[in-house]
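Take a look at the letters that make up each chain.
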Amino acid sequence: MTSAQNWWKRTSNTVGSAWRGMPKWVRILATLLFVAFLYILPNKEFYEYLNIPGVWIPLYTTGVEFPSALFFATWMILLTLGLNIVCGYAGLLDLGFFGFFAVGAYTVALLTSPDSKLITEYHWLESPWPWLVTVPIAVSLALLSGVLLGWPTLRLRGDYLAIVTLGFAEVIRIIARNQDWILNGDRGITRVGHPPGKWSDGKAIFGILDTRPYYWLGLTLIILVIFVSRNLVRSRVGRAWIAIREDEDAAELMGVPTFKFKLWAFAMGASIGGLSGTLWAGQNSFVNSSTFSLENSILVLAALLLGGAGSIGGAILGGFLVVYVPEWLRSLPFLPESIDVNKYRYLVFGIILVVMMIFKPGGIWPNRRRVEEYKDRAKEVAVGVV
Amino acid sequence: MNFDDLFRGFEELTITGLAQGSVYALVALGYTLVYGVLRLINFAHSEVFMFGTFAAVWIWGVMGFDADSSRPAVWLALLLILVAMVFAALVSGGVAMLVEVSAYRPLRKRNAPPLAFLITAIGASFVLLEFMALPFMSDRRQIGMPPMLPTAPIISVGGWEVNPLQLMTIVVALVMMFSLDWFVNKTKFGRGIRAVAQDANTAALMGVNKSRVILLVFLLGGLMAGVAAVLASMRTGYTRFNIGFFLGIKAFSAAVLGGIGNLRGALLGGLLLGLIENYGAALFGTEWKDAISFLVLVALLMFRPTGLLGESLGRARA
């Protein structure tokens, strides 16, 4: 173990125990302050008011507007939080997770766009529905698709499950691309509805020019999802998930109905993924099949493992880093124009997956219990058997 | 359902199915060998295959043949194909060993849980894929193969017509597979592989070098994939950085169909899958071709996860 690793371990342990040692009201207050800071983060006026532009400019992104970069991070964080339930808590490797994002996005697009074939060709709908009404529908459809995918596949063991979900997502994408009876293939669906609301001067809050409201909405949804995950993992359901992750056979023998709880995890994760899709479709206002490539499923997984599977903080950190760092790198002035960060992005994330699994399998911000599991296993290596 | 197409094209569909199935079988051997020894699905194997297709393009390019050159004489074509097969097999074998040494071995040292192996496998697969997609490698472009063998059928009995490439694919695949079977069942190295597959720790105590056996297994899988890559890419006529993805899933399905970990099962599964896929495409339409093998896999995993011949490498069972 290198000294850098030791240093990191010591520092994170000290910070962690200092934080846990503080009185509860301090922790609540600090969290509230941090959340408030996150809400005002994208406002230019804030920095001008504080008169500290010089400090903050290095953190700004220029390739994409700073609020947009933050918004991209919010839907990615929602995705990692969803996958965290499936993969981090229940230990199920779902490689088709982006498919649920697609279900959410397509549902919103089909119901809210005036160009949707449901309206123009089949006349199932009189007029496009408002965005807000379609969100619960999209989330329930994502949940349903999670159950439908999980029902046959969750009887499989870990590695089989991975390859089946992977192939499933890819087949669905190919069908979406080739068949254009409803999803319109690669041409996709345009003019997807935005979330509702108007400023006092009559302009729409969720317009095209200003991404900040979407970021605020995303942030609010993230806070909501954090509460849901935290409470779930501390309940009977969460204990069952962790038991399944650590030893499925033992859990089954102890009376945990593993299939039922695995299906639960799949459904919960899927609905959060779908929620993220609705948010993304509402801002992007265009959905087509090429968004849902395999690369994105892997990206979500890489984000979760980079941050730390099984820990909410880790999931958030991973989702943020994976989106924000490439955007930030792109806006660095000394990076030559010829180097397109996006072309190297996935390669780097692949390397991160491999290297993290070797040196820090728990992630940057690991779940403490998981770290102990890994330590325990490392001790069990028989001498000379490699 | 279009039974008319199926019956009219039955002979042709069967031959194409067998040729395609031989390629699946060759690639499936790589999955099956690694699974038999390590209980690991080596996701990166599809990229090992992909590197083989590029190796063929490179070596032919060095020798002055690219997509625009004219068809060489038959003896020269055979020579070129042989050279490409050897080179592709070496490149694929090398890539497979590189993955084992740099990604899987450190995990085994730490006794990582199965999930970590799986994630590493996906990561390694992704690294290889994206490496080939880089601007200075293939830049995500499709690269054409030079024409090699004549396309006119050389065997024609009744409605059964076999073109040279199909004949070559089937023959080469069978030769490779039988030599692998002989190697695993009859040689000293093969005994080592079977011993590690049966009980790794006991084998290590009996003096088998486990690390070397595992490396050998990756090498063997890579060699098969390299040869398969040359055969497959001559049929498709081009290669791309992501060409391995569906082939990988299909070959894996073939391995499971025959019984993963079972060498002869890989042959049976590959040929069967090739036939099922071609008949199915005729029945339901070609756009469903990729989905068919996948549905076979899901149905199989649900009803008979041990495959047709059962999971075993040699006579070993875990």
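These numbers come from a predicted model, not from an experiment. (Residues numbered from 1 in each chain as written. Chains lettered and ligands numbered in written order. Predicted model: local features only at pLDDT ≥ 70, side-chain atom pairs only at ≥ 80, totals over all residues. Heavy atoms only, no water.)

Undergrad: What is the right way to read the overall build of chain A from this model?
TA: Scanning chain A for helices and strands turns up 17 helices and 2 strands. Counting the 386 residues in chain A, one finds 51% classified as buried. Restricting the contact set of chain A to residue pairs at least 6 apart, pairs at least 24 apart contribute 73%. Accessible surface, chain A: about 18,600 Å² in total, of which carbon and sulfur atoms supply 66%. (Helix = DSSP H or I, 4+ residues; strand = E, 2+ residues; numbered from the N terminus. Buried < 20%, exposed > 50% of the residue type's maximum accessible area, 1.4 Å probe, protein only. Contact = heavy atoms within 4.5 Å. Areas by Shrake-Rupley, 256 points an atom, 1.4 Å probe, with all protein chains shown as cover.)

Undergrad: Got a minute to help me understand the confidence of the model for chain A in this structure?
TA: Keep in mind that low pLDDT regions are not for reading the predicted coordinates in detail. When pLDDT is averaged along chain A, the result is 81, and 88% of the positions lie at 70 or above. Across residues 382-386 of chain A the pLDDT falls below 50, and counting only partners more than four positions away or on other chains, this stretch makes 7 contacts in the model. (pLDDT = per-residue confidence, 0-100.)

Undergrad: Please explain the environment of Arg 39 of chain B as it appears in this structure.
TA: Residue and element names in this part refer to chain B. Within the secondary structure, Arg 39 sits in the loop between α2 (10-38) and α3 (45-62). The class of Arg 39 is partly exposed, set by a relative accessible area of 36%. Each C-alpha atom of the pair Arg 39 and Gly 261 lies 8.6 Å from the other, and the pair is 222 residues apart in sequence. Separated by 3.1 Å, the side chain of Arg 39 and the backbone oxygen of Gly 36 make a polar contact. (Polar contact = N/O pair within 3.5 Å; in protein donor to acceptor, adjacent residues only side chain to side chain.)

Undergrad: Looking at this model, I keep getting lost on the domain arrangement of chain A. Mind explaining?
TA: Interfaces are frequently sized by the accessible area removed from exposure as the parts join. All names here are of chain A. Along its sequence, chain A is organised into domain 1 (27-59) and domain 2 (66-296). A C-alpha centroid distance of 30 Å is found between domain 1 and domain 2. At the interface, 9 residues of domain 1 touch 9 residues of domain 2. Taken together, the two surfaces of domain 1 and domain 2 that pack against each other cover about 780 Å², and 66% of this comes from carbon and sulfur. Where domain 1 touches domain 2, the interface holds 0 salt bridges. If you look at where domain 1 meets domain 2, you find 3 residue pairs in polar contact (both at pLDDT 80 or more). Among the secondary structure elements, those contributing two or more residues to the side of domain 1 that touches domain 2 are α2 (24-40) and α3 (44-50). With 3 residues, the top contributor of residues to the side of domain 1 that touches domain 2 is α2. The residue makeup of the side of domain 1 that touches domain 2, split by class, is 7 nonpolar, 1 polar and 1 charged. (Domains from an automatic or database assignment. Buried area = accessible area lost by both parts, 1.4 Å probe. Salt bridge = Lys/Arg side-chain N within 4 Å of Asp/Glu carboxyl O. Nonpolar A, V, L, I, M, F, W, Y, C, P; charged D, E, K, R; others polar.)

Undergrad: Would you mind showing me how to read the packing of helix α16 (residues 341-359) of chain A against helix α5 (residues 114-133) of chain B here?
TA: For any two helices packed against each other, the geometry is given by the interaxial angle and the distance between the axes. It is the contact of α16 of chain A with α5 of chain B, at a shortest axis distance of 8 Å, that shows an interaxial angle of 150°. As summarised for this structure, α16 of chain A and α5 of chain B are arranged roughly antiparallel, according to the angle between their axes. For the pair α16 of chain A and α5 of chain B, the sense of crossing is left-handed. Here Lys 343, Tyr 346, Leu 347, Gly 350, Ile 351, Leu 353, Val 354 and Met 357 of chain A of α16 of chain A come into contact with α5 of chain B, specifically with Ala 116, Ile 119, Thr 120, Gly 123, Ala 124, Phe 126, Val 127, Glu 130 and Phe 131 of chain B. Of the residues that constitute the contact of α16 of chain A with α5 of chain B, the class distribution is 12 nonpolar, 3 polar and 2 charged. (Axes fitted to C-alpha atoms, helices over the stretch in contact; angles between N-to-C directions. Parallel < 35°, antiparallel > 145°, perpendicular 65-115°, else oblique. Left-handed = near helix turned anticlockwise from the far one by under 90°.)

Undergrad: Even after reading the chapter, I still don't get helix α11 (residues 263-284) of chain B, so can you show me in this structure?
TA: Spacing of three or four residues puts side chains on the same side of an α-helix, whose turn is 3.6 residues. For α11 of chain B, which comprises 22 residues, the first-to-last C-alpha distance of 31 Å matches the rise-based estimate of 32 Å (1.5 Å per residue) to within 8%. Where α11 of chain B ends, the next residue or the one after it, Gly 285 of chain B, has phi of about 105°, a positive value. (Expected span 1.5 Å × (residues − 1).)

Undergrad: Whenever I open this one, unusual backbone geometry confuses me. Can you help?
TA: Leave glycine aside and you will find that most residues have negative phi; peptide bonds, for their part, are mostly trans. All names here are of chain B. At Arg 39, a position not held by glycine, the phi torsion is positive, near 55°. One non-glycine residue with positive phi stands out, namely Arg 140, at about 60°. Following the sequence through the fold, Arg 140 ends up in the loop between α5 and β1 (143-144).

Undergrad: Where do I start with the packing of aromatic side chains in this structure?
TA: How two aromatic rings sit relative to each other is given by the distance of their centres and the angle of their planes. On inspection of all chains with the given rule, the structure shows 20 aromatic pairs over all chains. Judged by centre distance (6.2 Å) and plane angle (45°), the rings of Phe 54 of chain B and Trp 58 of chain B are tilted. Here Phe 54 of chain B and its partner Trp 58 of chain B are both found in helix α3, 4 residues apart, which amounts to about one turn of the helix. Judged by its relative accessible area of 2%, Phe 54 of chain B is buried. The ring of Phe 261 of chain A has Lys 260 of chain A sitting right over it, with the charged end atom 5.3 Å from the ring centre. (Phe/Tyr/Trp six-rings, centres within 6.5 Å; stacked < 30°, edge-to-face > 60°. Lys NZ or Arg CZ within 6 Å of the ring centre and 35° of its normal.)

Undergrad: I'm lost on the nonpolar core in this one. Help?
TA: Residues Leu 93 and Trp 241 of chain A together with Phe 43 and Trp 60 of chain B are the most contacted members of the largest nonpolar core, which totals 217 residues. Membership of the second largest hydrophobic core comes to 6 residues, among which are Leu 13, Leu 275, Tyr 279 and Ala 282 of chain B. (Core = buried A, V, L, I, M, F, W, Y, C linked by side-chain atoms within 4.5 Å.)

Undergrad: In this structure, what is going on with the packing of α2 of chain B against α11 of chain B? I would like to understand it.
TA: Residues and elements named next belong to chain B. Viewed as axis vectors pointing N to C, α2 and α11 meet at an angle of 140°, and their least axial separation amounts to 6 Å. Judged on the interaxial angle alone, α11 and α2 are oblique. As α2 runs across α11, the sense of the crossing is right-handed. Of the residues assigned to the contact of α2 with α11, the class counts are 16 nonpolar, 10 polar and 1 charged.

Undergrad: Would you explain the side chain of Asn 42 of chain B in this entry?
TA: All names here are of chain B. Take Asn 42: it is sitting in the loop between α2 and α3. Among the residues examined, Asn 42 registers a relative accessible area of 3% and is labelled buried. A polar atom in the side chain of Asn 42 sits 2.8 Å from the side chain of Tyr 104. When neighbours within four sequence positions are excluded, Asn 42 is seen to be in contact with Tyr 31, Val 34, Tyr 104 and Phe 218.

Undergrad: What am I meant to see in the pattern of salt bridges here?
TA: A side chain with one charge can pair with a side chain of the opposite charge if their charged atoms come near. All names here are of chain B. Within this structure, the stated rule accounts for 7 salt bridges over all chains. With a shortest N-O distance of 3.4 Å, Glu 100 and Arg 105 are connected by a salt bridge. The class for Arg 105 is buried, based on a relative accessible area of 18%. Between Asp 181 and Arg 264 there is a salt bridge; the shortest N-O distance is 2.7 Å. Residue Asp 181 is found in helix α6 (residues 164-186), and its partner Arg 264 is found in helix α11; the two are separated by 83 residues along the sequence. Since its relative accessible area comes to 12%, Asp 181 is described here as buried. By relative accessible area, which is 53% here, Arg 264 ends up exposed.

Undergrad: I would appreciate a short explanation of the interface of chain B and chain A in the present structure.
TA: In this assembly, 52 residues from chain B lie in contact with 44 residues from chain A. When the two sides are added together, the surface that chain B and chain A hide from each other amounts to roughly 4,300 Å², 77% of it contributed by carbon and sulfur. At the surface where chain B touches chain A, the tally comes to 1 residue pair in polar contact (both at pLDDT 80 or more). Broken down by element, the residue count for the side of chain B that touches chain A peaks at 13 residues, all from α5 of chain B.

Undergrad: Would you explain the environment of Lys 379 of chain A in this entry?
TA: Residue and element names in this part refer to chain A. Mapped onto the elements of the fold, Lys 379 is located in helix α17 (residues 368-379). Take Lys 379: its relative accessible area is 70%, and that puts it in the exposed class. Separated by 349 residues in sequence, Lys 379 and Ala 30 have C-alpha atoms that sit 38 Å apart.

Undergrad: Please explain helix α11 (residues 236-246) of chain A as it appears in this structure.
TA: Residues and elements named next belong to chain A. For α11, the full list of buried residues reads Val 237, Gly 238, Ala 240, Trp 241, Ile 242, Ile 244 and Arg 245. Summarising the contacts, the buried residues of α11 are in contact with α5 (66-89), α10 (212-233), α12 (248-253), α13 (258-284) and α17. Two or three places before Val 237, at the start of α11, stands the capping residue Ser 235, its side-chain oxygen 3.3 Å from that residue's backbone nitrogen.

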